[in-house]
Amino acid sequence: MTDSYVFPERWSDLRGRDPADERDRDRLEAELAREVATSHPLSGLRASAIAACSHCDDVIYELPDGGYAVVHLSWPKSAPDRPPWPVHKRVADWAALMSYIDDHEDA
Ligand SMILES: [Zn+2]
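Residues numbered from 1 in each chain as written. Predicted model: local features only at pLDDT ≥ 70, side-chain atom pairs only at ≥ 80, totals over all residues.

A. Layout of helix 1 (residues 19-35). Here helix 1 spans 24 Å end to end across 17 residues, near enough to the 24 Å set by a 1.5 Å rise per residue. For helix 1, the set of buried residues is L28, L32 and E35. Angular distribution of buried residues about the axis of helix 1 spans 75 degrees; they occupy a single face of the element. The exposed set on the far side of helix 1, more than 90 degrees from its buried face, consists of P19, E22, R23, D26 and A30. (Helix = DSSP H or I, 4+ residues; strand = E, 2+ residues; numbered from the N terminus. Expected span 1.5 Å × (residues − 1). Buried ≥ 20, exposed ≤ 12 C-beta atoms within 10 Å, placed from the backbone. Arc of directions from axis to C-beta.)

Dropping the structure here:
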């Protein structure tokens with residue numbers, strides 16, 4: 001069901017199978033792991049990058065609990081970053097993610 005969802009234009013969908021998508025996913029997952037300190041709420045969670053916003057660099061990660069986290073990566077020179085950075089927002093499920101994306105379009 002959710003696989004057929006087409007993200008609005010400003011989001012790059014990273015769920016594809018081609019090597020470029022895989023490379024972007026790996027890069028964004030590694031960067032999240034690098035930035036998140038052990039005291040950050042996302043620490044130690046297996047987060048899979050599914051989409052990235054070309055306007056504001058927000059990245060949507062799918063979490064093992066079936067929820068999602070929208071993370072504004074901070075790309076700090078030295079890592080990990082100091083919590084609350086990287087700033088993130090948890091959304092409980094796909095429906096909540098859809099309304100987040102709708103609001104994001106208006107922002
Ligand atoms: Zn954005």
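B. Representation of the environment of D57. Here D57 shows up in the loop between strand 2 (48-53) and strand 3 (58-62). According to the C-beta neighbour criterion, D57 is partly exposed, with 13 such atoms within 10 Å. Through-space distance from the C-alpha of D57 to that of S74 is 9.1 Å; in sequence the pair is 17 residues apart. The contacts of D57, once residues within four sequence positions are left out, are H72 and L73. (Contact = placed C-beta atoms within 7 Å.)

C. Main features of the confidence of the model for the protein. When the pLDDT values of the protein are averaged, the result is 94; 98% of them are 70 or greater. No element of the protein has a lower mean pLDDT than helix 2 (residues 94-106), which averages 92, and none a higher one than strand 4 (residues 68-72), which averages 98. (pLDDT = per-residue confidence, 0-100.)

D. Inspection of the sheet that holds strand 2 at higher detail. Judged by pairing direction, the sheet is antiparallel, and its five strands sit side by side in the order 1-2-3-4-5 without closing on themselves. Each of the sheet's edge strands pairs with one partner strand only, and the pair in question is strand 1 (11-13) and strand 5 (87-91). The sheet shows a mean angle of 25 degrees between the axes of neighbouring strands, taken without regard to direction. Here strand 1 pairs with strand 2 via three bridges, running antiparallel. Bridge assignment links W11 to a residue of strand 2, and that residue is C53. Along the sheet, helix 1 contacts strand 2, strand 3 and strand 4; its crossing angle with strand 2, the most-contacted strand, is approximately 100 degrees. (Pairing = 2+ DSSP bridges. Axes fitted to C-alpha atoms, helices over the stretch in contact; angles between N-to-C directions.)

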